Amino acid sequence: MSLPLNLPLNTGETRLLRGLEEQQALGAAFALALPTGALLFLEGELGAGKTSFTQGLVGALGFRDSVTSPTYALMHVYPTAQGQVLHVDAYRVRDVGELYDMDLDDLISGSRLSVVEWGEGLYADYQPAPILRFAHVDGQPEVREVTRIR
């Protein structure tokens, strides 16, 4: 899959997000820029904005219910008017083979968009999927820093 050159962040670019609304707005911008079938990796500290970003992404595709972190379920599938969005949290996965055993490849190929948090073990299998790193900003509890790693 080739990615468009007009993603909201270029590789190596960092942006400050001031509050939940800006985190969700960046997610929405990615949802509209990524092609059907795309996969996006999110990494970063707990509470750094990965799920807030995903809320904006899924909301931009028309899903109106609650979007939460799939930390315990490992995967959530959100039906949208443009196709399902797969949201995976691999934080508790010891071996990525567990995700493949849950039909990860088929779920990704059947989704409008897929978002994987904590998916470092999958990076080599899904190139050139973009990677975004989220971080808290010292002394500014409402501000997050997001950097596109790949």
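Notes on the structure in this doc start here. (Residues numbered from 1 in each chain as written. Predicted model: local features only at pLDDT ≥ 70, side-chain atom pairs only at ≥ 80, totals over all residues. Heavy atoms only, no water.)

The next subject is the overall build of the protein. The helix and strand tally for the protein stands at 4 helices and 7 strands. Helices and strands in the protein line up, N terminus first, as β-α-β-α-β-β-α-α-β-β-β. Since a compact globule built from 150 residues should have a radius of gyration of about 15 Å, the 14 Å found for the protein is in line with a globular shape. For the protein, the residues scored as buried account for 49% of the 150 residues in total. Residue pairs in contact within the protein that sit at least 24 positions apart in sequence constitute 62% of those at least 6 positions apart. Total accessible area on the protein is roughly 7300 Å²; 49% of this is exposed by carbon and sulfur atoms. (Helix = DSSP H or I, 4+ residues; strand = E, 2+ residues; numbered from the N terminus. Rg over C-alpha atoms; globule rule 2.2 N^0.38 Å. Buried < 20%, exposed > 50% of the residue type's maximum accessible area, 1.4 Å probe, protein only. Contact = heavy atoms within 4.5 Å. Areas by Shrake-Rupley, 256 points an atom, 1.4 Å probe, with all protein chains shown as cover.)

Here Thr 147 shows up in strand β7 (residues 140-148). Side chain to side chain, Thr 147 and Thr 14 meet in a polar contact 2.7 Å long. If sequence neighbours within four positions are ignored, Thr 147 has contacts with Gly 12, Glu 13, Thr 14, Ile 131, Leu 132 and Arg 133. (Polar contact = N/O pair within 3.5 Å; in protein donor to acceptor, adjacent residues only side chain to side chain.)

All right, on to the packing of aromatic side chains then. A full pass over the atoms with the stated rule returns 5 aromatic pairs. Through pairs of rings, three or more aromatic residues link up here, namely Phe 30, Phe 53 and Phe 134. (Phe/Tyr/Trp six-rings, centres within 6.5 Å; stacked < 30°, edge-to-face > 60°.)

Turning next to the pattern of salt bridges. By the definition in use, this model includes 2 salt bridges. A salt bridge links Glu 13 to Arg 15, with the nearest nitrogen and oxygen atoms 3.9 Å apart. Relative accessible area serves as the criterion here: at 28%, Glu 13 is assigned to the partly exposed category. Where Glu 43 meets Arg 133, a salt bridge forms, and the shortest distance between an N and an O atom there is 2.6 Å. Residue Glu 43 is found in strand β2 (residues 38-44), and its partner Arg 133 is found in strand β6 (residues 131-137); the two are separated by 90 residues along the sequence. Since its relative accessible area comes to 8%, Glu 43 is described here as buried. (Salt bridge = Lys/Arg side-chain N within 4 Å of Asp/Glu carboxyl O.)

In a soluble, globular protein the nonpolar side chains are often hidden away together inside. Counting residues in each nonpolar core, the largest one holds 25 residues, and the members touching the most others are Phe 30, Leu 40, Phe 53, Leu 57, Leu 113, Leu 132 and Phe 134. Only α1 (20-33), β2, α2 (50-60), β5 (113-117) and β6 provide two or more residues apiece to this core. In contact with Phe 30, other than residues within four places in its own chain, are Leu 7, Pro 8, Leu 9, Leu 40, Phe 53 and Leu 132. Met 75, Val 88, Ile 108 and Val 116 belong to the second largest nonpolar core, which has 17 residues in total. (Core = buried A, V, L, I, M, F, W, Y, C linked by side-chain atoms within 4.5 Å.)

This part covers unusual backbone geometry. The linkage connecting Gln 127 with the following residue, Pro 128, adopts the cis geometry, with an omega of 0°. Positive phi outside glycine occurs at Leu 74, with the angle close to 75°. Looking at the element boundaries, Leu 74 is found in the loop between α2 and β3 (75-78). Despite not being glycine, Asp 103 shows a phi value in the positive range, around 65°. Residue position: Asp 103 is located in the loop between α3 (97-101) and α4 (104-109). For Asp 103, a relative accessible area of 45% translates into the label partly exposed.

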